Amino acid sequence: MKKFLTIIILLSSVLPLAAQFRTDYSDLEDGEGVSVLKSHVSTLASAAMSGRKAGSEEETEAAEYVWNVLDGYGVDMLCGKKGDVFGMEWQPGDTVTSRNVIGVVQGYDPKLRDRYIVVGARLDNLGVNVMTVDGQRTEQIYFGANGNASGLAMMMELARMVSTNSILFRRSVIFVAFGASRTGFAGSWYFLNRSFKDVGQIDAMVNLDMLGSGDTFSAYTASNQDMNMLITSLTGEILPVMPKVTAQEPYPSDHRSFYASSIPSVFFSTGIYAEHDTPRDTPSILDYDSMERELEYVYAFTRKIANETVAPAFKGDSYSTKKTDDRAYSYHDCDVKPSFMGHSDPKYFMTKWVYQYLRYPRQAVENGVQGRVNVTFTVEKDGKVSDVTIAKSLDELLDEEAVRVIKASPKWKPGKVDGVAVRSYITIPVDFVLEKKSSRSVGIKK
């Protein structure tokens, strides 16, 4: 008996000592759903993943992670562990090798199980940016927690729910993590045009991208009447959240490839957020409780659309009507590229305009900050430059200067598709380089 009491006393004296090293107990309050979403995001948006840049080893590691999770959830995998590998020439002499991760949950209805609903999420992000501060090489990781580890996490958990309840789904549901999405939606284009042979049997697409900000949960359908009706039909069901149907596209993403293939699609997102495409996009900024509620809705919607006897029609879609086509095409997708002063090569714009008027901010000089800012802008149908945004941040002062100069650009000649002037978007790299001279003068790389 004395021996037993001694053991209890010893344990009671040791346990408080062990507990004192834990300072954060917030995760103890998380439900199972939130905990799993956090685990997925923390893995995909970790420093070890280095931002999952298209074509990198880390993108491959992220693909393997998604593959293992889907396989563990009982999804029938349609590719190897390293994904369905493809290569694309993004720019002359610049070939990117990326991969899609593809799995399917078979539907139960003999008449509809060979028809498909595709649920997709972007796999890649911006990777690592190298900058120089006071002569020291510094790396910035674009973790991409909300862009798009949030959508990937929800896709994987949606796959678990569909797999567990497959007897409730008439159509088959395909799950795809799209590689090289940030490179002209290459993964979704490859899936539809080279990889998946039964594209004609895809009845709808659900895109999940940037769903963790906790802001307005929205559904973008490009005004497709049937898709809008399906969303509205769930209003009467007891669900923790309902999306706001929006006519404004939250962000260019992989749903565009499906629109181009005349496949009705819906894009679920909470939209652009303050940390978007910056190193501050870390797992700590996500609202996981909101993600869990959104996941429940997306599951209900996926089940609804998979069980419709008549598939939604591709109609009422602004993307398909040339006269009212207000989407912005990628520079590379234009039949006739937009041009500046008669030159369609963006390098001419950089030399003759950007670097002529770019000024190095004094504070950035004093701090010794140099490197590259990537800027995306739209050339409107009338040639005006609009929607100038930072695609890859470097430093707040340098970002602002790059945006200032591009916003002041004279008119361009707009790009054309099928002989019609269209809106088009371009991403250009703006380099800030400090020249080392005896007087430490400053030069802009041209």
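Below: a short report on this structure. These numbers were taken from a predicted model, which means no experiment stands behind them.

1. A few points about a nonpolar patch on the surface
The grouping of Y108, I167 and L168 at the surface amounts to a nonpolar patch, some 290 Å² of accessible area in total. As for its position among the elements, Y108 is in the loop between β3 (94–105) and β4 (116–122).

2. Some thoughts on the environment of K81
Take K81: it is sitting in the loop between β1 (76–77) and β2 (84–91). The exposure class of K81 is partly exposed, given its relative accessible area of 49%. Each C-alpha atom, one on K81 and one on N68, is 7.4 Å from the other, the two residues being 13 residues apart in sequence.

3. Points about the nonpolar core
M155, L208, F268 and F301 are the most contacted members of the largest nonpolar core, which has 64 residues in total. With eleven residues, the single largest contributor to this core is helix α4 (residues 145–164). Apart from residues no more than four positions distant in its own chain, F268 is found in contact with V206, N207, L208, D209, L211, F217, S218, A219, P243, Y297, V298 and F301. If you look at the next biggest cluster of nonpolar residues, it comprises 31 residues, including F340, V375, V405 and L434.

4. Looking at the layout of surface pockets
Taken as a whole, the second largest pocket holds about 390 Å³ of empty space. Going through the elements one at a time, β2, α5 (186–195), α7 (255–260) and β12 (328–330) are the ones with two or more residues in the lining of the second largest pocket. Of the residues in the lining of the second largest pocket, the class split is nine nonpolar, seven polar and four charged.

5. Some points on the packing of helix α2 (residues 32–44) against helix α3 (residues 57–72)
With their axes 10 Å apart at the nearest point, α2 and α3 run at an angle of 155° to one another. Relative to α3, the element α2 is oriented roughly antiparallel. In the packing of α2 onto α3, the handedness of the crossing is right-handed. Contact residues: S39, H40, T43 and L44 in α2; A62, Y65 and V69 in α3. For the contact of α2 with α3, the per-class residue count stands at four nonpolar, three polar and no charged.

6. Considering the pairing of strand β6 (residues 136–142)
Across seven bridges, the pairing between strand β5 (residues 127–133) and β6 is antiparallel. Within β6, the position partnered with G127 by the bridge is Y142. Hairpin connection from β5 to β6: two residues lie between these consecutive antiparallel strands, with D134 at a positive phi of about 50°.

7. Some words on the packing of aromatic side chains
Summed over all chains, the structure comprises 20 aromatic pairs. An angle of 35° between the planes, with centres 6.4 Å apart, marks the rings of F191 and F258 as tilted. Taken as a pair, F191 in helix α5 and F258 in helix α7 lie far apart in primary sequence, 67 residues in all. Judged by its relative accessible area of 0%, F258 falls in the buried class.

8. Regarding helix α11 (residues 396–407)
With twelve residues, α11 extends 16 Å between its outermost C-alpha atoms, agreeing within 8% with the 16 Å of an ideal straight helix rising 1.5 Å per residue. Among all positions in α11, only L398, D399, E401, A402, V403, V405 and I406 are buried. On the buried face of α11, the contacting elements are α9 (346–357), α10 (362–367), β13 (369–379), β14 (385–392) and β16 (420–432).

9. Section: unusual backbone geometry
Here G147 and N148 are connected by a cis peptide whose omega angle stands at 5°. Here N148 is to be found in helix α4. Phi angles above zero are rare outside glycine, and A180 is one such case at about 50°. Its location among the elements puts A180 in the loop between β7 (172–178) and α5. With a phi angle near 50°, M341 is a residue other than glycine that sits in the positive phi range.

10. Here we look at the environment of L168
For L168, the location among the structural elements is in the loop between α4 and β7. In this structure, the C-alpha to C-alpha distance between L168 and Y108, residues 60 residues apart in sequence, is 7.4 Å. Those residues within four positions of L168 in sequence are excluded, and the remaining contacts are Y108, Y299, R303 and N307.

11. Notes on the pattern of salt bridges
Considering all chains together, one arrives at 14 salt bridges under this definition. Residue K82 is joined to E64 by a salt bridge in which the shortest nitrogen-to-oxygen separation is 2.8 Å. Of the two residues, K82 sits in the loop between β1 and β2 while E64 sits in helix α3, which places them 18 residues apart along the sequence. The partly exposed category is assigned to E64, whose relative accessible area is 26%. In this structure, the salt-bridge partner of D109 is R170, at a minimum N-O distance of 2.9 Å. Here D109, found in the loop between β3 and β4, pairs with R170, found in the loop between α4 and β7; they are 61 residues apart in sequence, far enough to count as distant. Pair check on accessibility: D109 and R170 agree, each one buried. Counted as one network, the salt bridges with shared partners bring together R115, R171 and D203.

Definitions and limits used
Residues numbered from 1 in each chain as written. Predicted model: local features only at pLDDT ≥ 70, side-chain atom pairs only at ≥ 80, totals over all residues. Heavy atoms only, no water. Patch = residues over 30% accessible without salt bridge, like charges linked within 9 Å, V, L, I, M, F, W, Y side chains within 5 Å. Areas by Shrake-Rupley, 256 points an atom, 1.4 Å probe, with all protein chains shown as cover. Salt bridge = Lys/Arg side-chain N within 4 Å of Asp/Glu carboxyl O. Helix = DSSP H or I, 4+ residues; strand = E, 2+ residues; numbered from the N terminus. Buried < 20%, exposed > 50% of the residue type's maximum accessible area, 1.4 Å probe, protein only. Core = buried A, V, L, I, M, F, W, Y, C linked by side-chain atoms within 4.5 Å. Contact = heavy atoms within 4.5 Å. 1 Å grid on protein atoms, 1.4 Å probe; cavity = no way out; pocket = protein on both sides within 12 Å on 5 of 7 lines; lining within 4 Å. Points joined across faces, edges and corners; volume = space filled by probe spheres on them. Nonpolar A, V, L, I, M, F, W, Y, C, P; charged D, E, K, R; others polar. Axes fitted to C-alpha atoms, helices over the stretch in contact; angles between N-to-C directions. Parallel < 35°, antiparallel > 145°, perpendicular 65-115°, else oblique. Left-handed = near helix turned anticlockwise from the far one by under 90°. Pairing = 2+ DSSP bridges. Phe/Tyr/Trp six-rings, centres within 6.5 Å; stacked < 30°, edge-to-face > 60°. Expected span 1.5 Å × (residues − 1).

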